[in-house]
Amino acid sequence: MPEPTLPPTPEPTPAPPLEEEPARLTHFLGELLLGPGEEIASQCVAWTLNNDAALYVQAVTLSNPGASHHSNWFVVPEELYPGPDGYFNCSDREFSEIGAAVAGTVIFAQSTQSLYEVQRFRPGAVVKVPPRHKVVAGVHFLNLSARELRTGLQMSLELTHPRDVETILSPFRFSYYALDIPPQSEQRYSIQCDMASAFEEAAGRPFDMNLHWVLPHTHELGNHFRVEVVGGANDGRVLHELNTFNGDANGLALEPPLDLGDATGLRVVCGFRNPRDESVGWGIGDQEMCVMLGLSDSEIMMDLQVSETTDGSGTDSGIPLGT
């Protein structure tokens, strides 16, 4: 009688590879105590990274328990704005946003009154932090409540390995400084700049830009924001639109990034409804702002602004429009 045979032992199924967690740097920047209705607008904050090698930041997370009205964040050489980490009066160290952007770069901007916000780019797209740089920000706190509030800021940087870096991102900004919103009215303002010509003059070559990120900034009277393409195959295409002020994280990642190479630039429209009995202009506190931050793969930083309204005869969706 033949010997019984056993079935062959199956080959073991290999375990799936473990997903590698991205490296992160997380830092609590300290607490502030604000009284009822208190506003702090001249404050800055610093965080020294002590990085001997370059860091490549694919995502930034900022959180606070309330009253962080807005903040703009930069990375600069660590010897700039010398002093201890933590909060400081901006004027004591002669901090300026333009100076910080030129000396380093923009790494993040916070949406108005957002409590938790993530700025994330597609894999391979990063903001580069050169060696021996630190994070510094102009921060604006506003306690909208009728009670004392203890608040603070925590930031986390999610890092990409240098081998996986494909694109270094740089900032540009649109600002409409000539705001003059009449009492008891609704008004819109438009910023349209020839980015292609400005780029070609600075870079000495044809306009070449892929747009990765856009972020609006208005205050509580803002009831409309829109950014659209001007020129080229995508002329008039709306990239981002909001029709309310909500205190949420309102940055938008474009996926895939939008090639603006055949366009002449972008048009940004901010709208406001002013229920007050006096005009509202540009400023902090109970005044307004109209700003858009963009991040693109261009090595040219641009600061595009309207400092004087030249035409107030137009309309946008039937609403008076200043340009």
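Only a predicted model underlies this, so the values are computations on that prediction, with no experimental measurement involved. (Residues numbered from 1 in each chain as written. Predicted model: local features only at pLDDT ≥ 70, side-chain atom pairs only at ≥ 80, totals over all residues. Heavy atoms only, no water.)

**Q** Can you break down the pairing of strand S24 (residues 319-322) residue by residue, with the values?
**A** Relative to S24, strand S14 (residues 185-192) is paired through two bridges, and the arrangement is parallel. Counted as the bridge partner of Arg188 is Leu321 from S24. Of the strand pairs in this sheet, strand S23 (residues 314-316) and S24 are connected by three bridges, and their pairing is antiparallel. Bridge pairing in S24 places Thr315 opposite Pro320. Here S23 hands over to S24 after two residues, with Ser317 in that stretch at a positive phi of 55°. (Pairing = 2+ DSSP bridges. Helix = DSSP H or I, 4+ residues; strand = E, 2+ residues; numbered from the N terminus.)

**Q** Requested: an account of the sheet that holds strand S15 (residues 210-217), with residues and values cited.
**A** What the five strands build is an open sheet, ordered S18-S15-S21-S12-S22; its pairing is mixed. If you trace the sheet from one side to the other, it starts and ends with strand S18 (252-259) and strand S22 (302-306), each paired once. Pairwise comparison of adjacent strand axes, ignoring direction, gives a mean angle of 20° for this sheet. Looking at chain direction, S15 and S18 are connected through four bridges and run antiparallel. By the bridge assignment, Val214 is partnered in S18 with Leu252. (Axes fitted to C-alpha atoms, helices over the stretch in contact; angles between N-to-C directions.)

**Q** Quick rundown of a nonpolar patch on the surface? Include the residues and the values.
**A** Residues Ile98, Val102 and Met301 make up a contiguous nonpolar surface patch of roughly 280 Å² in combined accessible area. For Met301, the position within the fold is in the loop between strand S21 (291-296) and S22. (Patch = residues over 30% accessible without salt bridge, like charges linked within 9 Å, V, L, I, M, F, W, Y side chains within 5 Å. Areas by Shrake-Rupley, 256 points an atom, 1.4 Å probe, with all protein chains shown as cover. Salt bridge = Lys/Arg side-chain N within 4 Å of Asp/Glu carboxyl O.)

**Q** Tell me about the packing of aromatic side chains, residues and numbers included.
**A** The tally for this structure, following the rule as stated, stands at nine aromatic pairs. Pairing Tyr87 with Phe141 gives two aromatic rings, centres 6.2 Å apart and planes at 75°, and the pair type is edge-to-face. Residue Tyr87 is located in strand S5 (residues 86-89), and its partner Phe141 is located in strand S9 (residues 133-142); the two are separated by 54 residues in the primary sequence. An angle of 65° between the planes, with centres 4.5 Å apart, marks the rings of Tyr177 and Trp282 as edge-to-face. Of this pair, Tyr177 sits in the loop between strand S12 (170-176) and strand S13 (180-181) while Trp282 sits in the loop between strand S20 (280-281) and S21, and the two are 105 residues apart along the sequence. Taking relative accessible area as the criterion, Trp282 reaches 28% and is therefore assigned partly exposed. The side chain of Arg93 reaches across the aromatic face of Phe88, ending 3.8 Å from its centre. (Phe/Tyr/Trp six-rings, centres within 6.5 Å; stacked < 30°, edge-to-face > 60°. Buried < 20%, exposed > 50% of the residue type's maximum accessible area, 1.4 Å probe, protein only. Lys NZ or Arg CZ within 6 Å of the ring centre and 35° of its normal.)

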